[in-house]
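Summary of structural features
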Amino acid sequence: MPILEVKNVTKQFGGLTALDNISFHVDEGEIRGLIGPNGAGKSTMFKNIAGFYKPTSGDIHYQGQSISGRKPHQIAEMGIVRTFQETTLFQEMTVFENALVGCHTRARTDLFSAILGLDKQKQRQAADKVMEVLEFMGLSERRDQLASELPLGSQRALAISIALVSEPKLMLMDEPFAGMNPEETNHMMELTRKVRESGITIVLVEHDMKAVMGLCNYLTVLNFGQLLAQGTPEEVRSNDKVIEAYLGGAN
Amino acid sequence: MNMLIRSIVGLIILIVLLIVPHFLEFHHQDLLIFLTINVLVVASYRLVTLTGEWSLIHAVMMGVGGYTATLLFLNYELGMWFTLPTAGLLSAAVAALLCFPLLRMTQFYFLIGSFAAGEAIRLVWIQFLDPFGGTGGLSGVSPPMIGDIDFMDPIPYYYLALTVVSICLFLLYRIEKSRVGLTLHSVHWKAPLAESVGVDTWRYRALAFITGSFFVGIAGALKVHYIGTITPNQYGIGFMVFILIWVIVGGYNKFYGPIIGVIVLTMFDESIRGFDEIRPAIYGAVLILSILFLPLGLESIPGKLKAWFIGSEVVEPPLTDE
Ligand SMILES: Nc1ncnc2c1ncn2[C@@H]1O[C@H](COP(=O)(O)OP(=O)(O)OP(=O)(O)O)[C@@H](O)[C@H]1O
Ligand SMILES: [Mg+2]
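Residues numbered from 1 in each chain as written. Chains lettered and ligands numbered in written order. Predicted model: local features only at pLDDT ≥ 70, side-chain atom pairs only at ≥ 80, totals over all residues. Heavy atoms only, no water.

1. Some points on the sheet that holds strand S1 (residues 2–13) of chain A
Residue and element names in this part refer to chain A. Defined as follows: Note on pairing: two strands pair once DSSP finds at least 2 bridges between them. The helix count covers DSSP runs of H or I at least four residues long, the strand count covers runs of E at least two residues long, and both are numbered beginning at the N terminus. Contacts: residue pairs with any heavy atoms within 4.5 Å of one another. The angle between two axes is taken between their N-to-C directions and runs from 0 to 180 degrees, where each axis is a line fitted to C-alpha atoms and a helix contributes only its stretch in contact.
Strand order in the open sheet made by the four strands is S2-S1-S4-S5, with antiparallel pairing throughout. Two strands bound the open sheet, and with one partner strand each, they are strand S2 (16–27) and strand S5 (65–66). One ladder, built from eight bridges, connects S1 with S2; its direction is antiparallel. Its bridge partner lying in S2, valine 6 is registered against phenylalanine 24. Sheet strands touched by helix H1 (residues 42–49): S1, S2 and strand S4 (57–62). Its angle to S1, the strand with the most contacts, is close to 115°.

2. Looking at the side chain of threonine 36 of chain B
Position of threonine 36 of chain B relative to the elements: it lies in helix H2 (residues 26–49). Residues within four places of threonine 36 of chain B in sequence aside, it is in contact with Tyr158, Ala161, Leu162 and Val165 of chain B.

3. Regarding the nonpolar core
Where we set the bar: Take the buried Ala, Val, Leu, Ile, Met, Phe, Trp, Tyr and Cys residues and link them wherever side-chain atoms come within 4.5 Å; each set so joined is a nonpolar core. Exposure categories follow from relative accessible area, calculated using a 1.4 Å probe and restricted to protein chains: below 20% of the type maximum is buried, above 50% is exposed, and the middle band is partly exposed. Annotation comment: domain bounds sourced from an automatic or database domain assignment.
With 143 residues, the main nonpolar core has Leu158 and Met171 of chain A together with Leu222 and Ile243 of chain B as its most contacted residues. A domain split of this core shows at least three residues from each of domain 1 (31–235) and domain 2 (237–312) of chain B. Excluding residues that lie within four positions of it along the chain, leucine 222 of chain B makes contacts with Ile37, Met80, Leu84, Tyr157, Ala161, Val164 and Val165 of chain B. Val26, Phe46, Tyr62 and Leu170 of chain A belong to the second-largest nonpolar core, a separate cluster that totals 25 residues.

4. A few points about the coordination of the magnesium ion (ligand 2)
Working reference: metal with six octahedral donors, ideal angles 90 or 180 degrees; metal with four tetrahedral donors, ideal angle 109.5 degrees. The criterion, for reference: Donor atoms are limited to N, O and S found within 2.8 Å of the metal ion, a distance that becomes 3.2 Å for Na, K and Ca. With water left out, some sites might look partial.
Ser43 of chain A (OG) and Gln85 of chain A (OE1) make up the full set of protein donors to the magnesium ion (ligand 2), lying at 1.9 to 2.1 Å. Note that serine 43 of chain A is positioned in helix H1 and glutamine 85 of chain A in the loop between strand S6 (80–82) and helix H3 (95–101), a separation of 42 residues in sequence.

5. Section: the sheet that holds S6 of chain A
All names here are of chain A. One open sheet accounts for six strands, arranged S6-S7-S8-S3-S9-S10; its pairing is mixed. For this open sheet the edge positions go to S6 and strand S10 (226–231), each flanked by a neighbour on one side alone. The mean angle between the axes of side-by-side strands here comes to 15°, regardless of whether they run parallel or antiparallel. Running at roughly 150° to strand S7 (residues 170–174), H1 makes contact with strand S3 (31–35), S6, S7, strand S8 (201–205) and strand S9 (218–223) of the sheet. Sheet strands in contact with helix H6 (residues 152–165) are S6 and S7, and its direction is about 160° off that of S7.

6. Overview of the site of ligand 1
Residue and element names in this part refer to chain A. Threshold: The near set for a molecule or strand comprises every residue that places at least one heavy atom within 4 Å of it. Each polar contact in these results corresponds to two N or O atoms within 3.5 Å; when the atoms are within protein, one needs to be able to donate a hydrogen and the other to accept it, and residues that are neighboring in sequence are counted only if both atoms are side-chain atoms. Values of accessible area rely on a 1.4 Å probe in the Shrake-Rupley scheme; residue burial ignores everything except the protein chains shown.
Neighbouring ligand 1 are 14 residues, the closest being Asn38, Lys42, Ser43, Thr44 and His207. A distance of 3.2 Å is found between an oxygen atom of ligand 1 and a backbone nitrogen or oxygen belonging to alanine 40. The separation between an oxygen atom of ligand 1 and a polar side-chain atom of threonine 44 is 2.5 Å. Here ligand 1, which alone exposes 640 Å², has 65% of that area covered by the protein.

7. A closer look at the pattern of salt bridges
Residues and elements named next belong to chain A. Filter applied, for reference: Salt bridges are counted wherever a side-chain nitrogen of Lys or Arg sits within 4 Å of a carboxyl oxygen of Asp or Glu.
With the rule as written, the count across this model stands at 11 salt bridges over all chains. Among the salt bridges present, the one from lysine 129 reaches glutamate 167, with a minimum N-O distance of 3.4 Å. Here glutamate 167 lies in the loop between H6 and S7 and lysine 129 lies in helix H5 (residues 120–136), a separation of 38 residues in the sequence. On the accessibility criterion, glutamate 167 (39% relative accessible area) is partly exposed. Residue glutamate 190 pairs with arginine 193 through a salt bridge whose shortest N-O separation is 3.5 Å. One end of the pair, glutamate 190, and the other, arginine 193, are both in helix H7 (residues 182–197), three residues apart, so they sit about a helical turn from each other.

8. A few points about the interface of chain A and chain B
By a widely used convention, the size of an interface equals the accessible area lost when the partners come together. In plain terms, the rule: Residue polarity is assigned by list, with Asp, Glu, Lys and Arg as charged and Ala, Val, Leu, Ile, Met, Phe, Trp, Tyr, Cys and Pro as nonpolar; anything else, Gly included, falls into the polar class.
Of the residues lining the interface, 35 residues belong to chain A; the matching set on chain B comes to 26 residues. Counting across the interface, chain A meets chain B through zero salt bridges. The interface formed by chain A and chain B includes four residue pairs in polar contact (both at pLDDT 80 or more). Secondary-structure elements contributing two or more residues to the side of chain A that touches chain B are helix H2 (72–78), S6, H3, helix H4 (111–116), H5 and H6 of chain A. Across the side of chain A that touches chain B, the residue classes tally to 20 nonpolar, nine polar and six charged.

9. Considering the confidence of the model for chain B
All names here are of chain B. Applied cut-off: A score between 0 and 100, pLDDT records how confident the predictor is in each residue.
Mean pLDDT over chain B: 90, with 96% of residues reaching 70 or higher. Across residues 318–322, where pLDDT falls below 50, the model places 10 contacts with residues more than four positions away in sequence or in other chains. Scored as a whole, the predicted complex attains pTM 0.90, and scored at its interfaces, ipTM 0.88.

10. Describing the packing of H5 of chain A against H6 of chain A
All names here are of chain A. What counts is decided by this rule: An angle counts as roughly parallel when it lies under 35 degrees, as roughly antiparallel when it exceeds 145, as roughly perpendicular when it falls between 65 and 115, and as oblique in every other case. Left-handed is the label given to a crossing in which the near helix is rotated counterclockwise from the far helix by less than a right angle, and right-handed is the label when the rotation is clockwise.
As a packed pair, H5 and H6 sit with axes 10 Å apart at the nearest point and diverge in direction by 140°. Taken together, H5 and H6 sit at an angle that is classed as oblique. Taken as a pair, H5 and H6 cross one another with a handedness that is right-handed. On H6, the residues touching Lys129, Val130, Val133, Leu134 and Phe136 of H5 are Leu158, Ser161, Leu164 and Val165. The residue makeup of the contact of H5 with H6, split by class, is seven nonpolar, one polar and one charged.

As structure tokens, then:
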């Protein structure tokens, strides 16, 4: 059953068509690769799905429901969370506090319980969840460090931790491997697989072909806002149009 | 150990606060009461700024509280036990209504928008002689009498104000240190990231603005019950500028920053009495010097001293997000 359906989505910025009538769907439990050269429209696609942009035309369905036009926080509440292409963290908060913000919808609190301390139980559960995720991402030792003091690999891991704490069903990951050394990449691949095994569907935007080919079961290729090709990694790798537009250019 | 030091410091502060009015002359006792009230003004303003939005309407919201208390007292003879919370609630209600137009704007536009909205409210006070009394305002508000204690005297009123302000500060502190406070910070530093995990940024900006207005409304009521009169001019842009100076000079990254700012500048203000003509110039100079040499405010001094003694680098949080 498709968890996400993108139906004829077009996104224009003034005269520029960043996405041109794109349709594809993602099944539950996949690690889907969304690839394409720079400026292909991958991040724009993510922003449309997560509600940061509204499609100029077309529709996006999540678990059978139309979500286009909803606000980012509403879509996040439904279980879609995106990570950002540029490392995006609360730099001046600690690792623990960063991840705690991710609890927002799952362990909601309000002003009065906060003042009166009525929700101790809920807060403890939230803290437990955060520690569980930090443990999982290998960050528990650094829980009291400021996010800005972390090395790049850990910053990326923290960005994913914030997303994971919110207990999403669908994660949109925008270039999680960018700027990582081979060792960090291997580690992050391992983690991504574990995330999928925990029941979260993943759509991965990534330029690192080793990671893409190693992780994804199916690829969707964009080029200049057009849907260029879809298929298994093997099929895509041997697709002439893709080789010309993307792999050819990259190698 | 840390706990022990904290308790001792807390106890000393408490004792100083309790005995200080007895060592002051009348004029300074008066000033002490205003200072106590202004501490609540800046602390509540900090809550508004937690989401990153600086408003220019905080002084007017204090006035809303003041007028509420005045009208309730003059027309219905209601006592402070009723006027204080009601003043807070009415300020909060006015703020809630203003959220709809104001929170469509951010940053500079919000600043200007909040100023315009505040001036509109002041215009209502000036234009509608009945019930607001126009430019001359209203007078005849008095503090309560409980048994033999006449709160018209500065010392009892100081204790009353100190109690109310302490309770409010405690509540503000709880809010800031709770998950709600964390969410407010997150809205400030990286709104898109907060949204991506489900934070409704509009709601949290509204929450900060409404709650901040609630507490400053109480401050307004506290003030009018002591001085007895209220005019639209007391809560104009002039007072708002003072709030901004206190907060900027004190620093706004920590809870106690603005409080230190208002205390130090009030004492400074008192010490340059007698230089009345050049006072604005002195103020301007202090503001410029503090922005130049202490961009993070007085609150950053302890960290700097510590670093200087230990000889390590000062880690300063970034001033703004990109
Ligand atoms: N807010 C915007 N306003 C105008 N043009 C935009 C905007 N966002 C993206 N674009 C344009 O849309 C096109 C697609 O951009 P997008 O960021 O989606 O590419 P991408 O596939 O993510 O590229 P990269 O691999 O470099 O991250 C680009 O030409 C870009 O300049
Ligand atoms: Mg991109």
